[in-house]
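What follows is the residue order along each chain.
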Amino acid sequence: QVQLVESGGGLVQAGGSLRLSCAASGRTFSNYAMGWFRQAPGKEREFVAAINWSGTSTDYADSVKGRFTISRDNAKNTVYLQMNVLKPEDTAVYYCAASRRMTMEKRAYAYWGQGTQVTVSS
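Residues numbered from 1 in each chain as written. Predicted model: local features only at pLDDT ≥ 70, side-chain atom pairs only at ≥ 80, totals over all residues. Heavy atoms only, no water.

(A) Just the overall build of the protein chain, in detail. When helices and strands are counted, the protein chain shows zero helices and 11 strands. Counted from the first residue to the last, the protein chain has its helices and strands arranged as β-β-β-β-β-β-β-β-β-β-β. Its C-alpha atoms give the protein chain a radius of gyration of 13 Å, within 12% of the compact-globule value 14 Å for 122 residues. Once the C-alpha set of the protein chain is aligned to its principal axes, its extents read approximately 40 × 25 × 25 Å. Among the 122 residues that make up the protein chain, the fraction classed as buried is 42%. Residue pairs in contact within the protein chain that sit at least 24 positions apart in sequence constitute 58% of those at least 6 positions apart. When the accessible surface of the protein chain is split by element, carbon and sulfur atoms take 47% of a total near 6500 Å². Treating the 14 positive side-chain charges of the protein chain as one cloud and the 9 negative ones as another, the clouds have centres 6 Å apart. (Helix = DSSP H or I, 4+ residues; strand = E, 2+ residues; numbered from the N terminus. Rg over C-alpha atoms; globule rule 2.2 N^0.38 Å. Buried < 20%, exposed > 50% of the residue type's maximum accessible area, 1.4 Å probe, protein only. Contact = heavy atoms within 4.5 Å. Areas by Shrake-Rupley, 256 points an atom, 1.4 Å probe, with all protein chains shown as cover. Lys, Arg positive; Asp, Glu negative; His and termini not counted. Charge placed at Lys NZ, Arg CZ, Asp CG, Glu CD.)

(B) Structural detail: the state of the cysteines. With the rule as written, the count across this model stands at one disulfide. Two residues share a disulfide in this structure: C22 and C96, whose sulfurs sit 1.9 Å from each other. Taking the sign of the torsion about the S-S bond as the criterion, the disulfide between C22 and C96, at about 50°, is right-handed. Taken together, the residues C22 in strand β3 (residues 18–25) and C96 in strand β9 (residues 92–99) connect sequence positions 74 residues apart. (Disulfide = S-S within 2.5 Å.)

(C) Expanded view of the sheet that holds strand β1 (residues 3–7). Spatial strand order, β1-β3-β8-β7: four strands in an open sheet with antiparallel pairing. A single partner strand is all that each edge strand has here, and the edge strands are β1 and β7 (68–73). Within this sheet the neighbouring strands show an average axis-to-axis angle of 15°, counted without direction. (Pairing = 2+ DSSP bridges. Axes fitted to C-alpha atoms, helices over the stretch in contact; angles between N-to-C directions.)

(D) Geometry of the environment of Y95. In this structure, Y95 sits in strand β9. A residue is classified by how much of its surface remains accessible, and Y95, at 13% relative accessible area, is buried. In this structure the C-alpha to C-alpha distance between Y95 and S57, which are 38 residues apart in sequence, comes to 20 Å. Those residues within four positions of Y95 in sequence are excluded, and the remaining contacts are E6, G35, W36, F37, Q39, R45, W112, G113, Q114 and G115.

What follows is the structure, encoded as structure tokens:
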């Protein structure tokens, strides 16, 4: 099993950057693909980015491609989301999650963190 805790959210102006972290506990972190999802008020939780167990393959939603970068450090049991050129529409609660396979489908993710708020002002 995996326990996940996100951090790094906050307030930022449009065009700015934030780096989110997701700390995992448990011995099996490196066996899971990891994903980032986000949810704005009144919206469905949506896929943002994913990375495979070894960190050699990544996938991104079209809305963040070229601006966000997902990475992981298995030695530190941590996954990151570097967010650049932030836009007001990026405002949401961001969640990290663990899955058996790298996928954009949220139903495939068995473990979820508590979320961290990201607010981007105009």
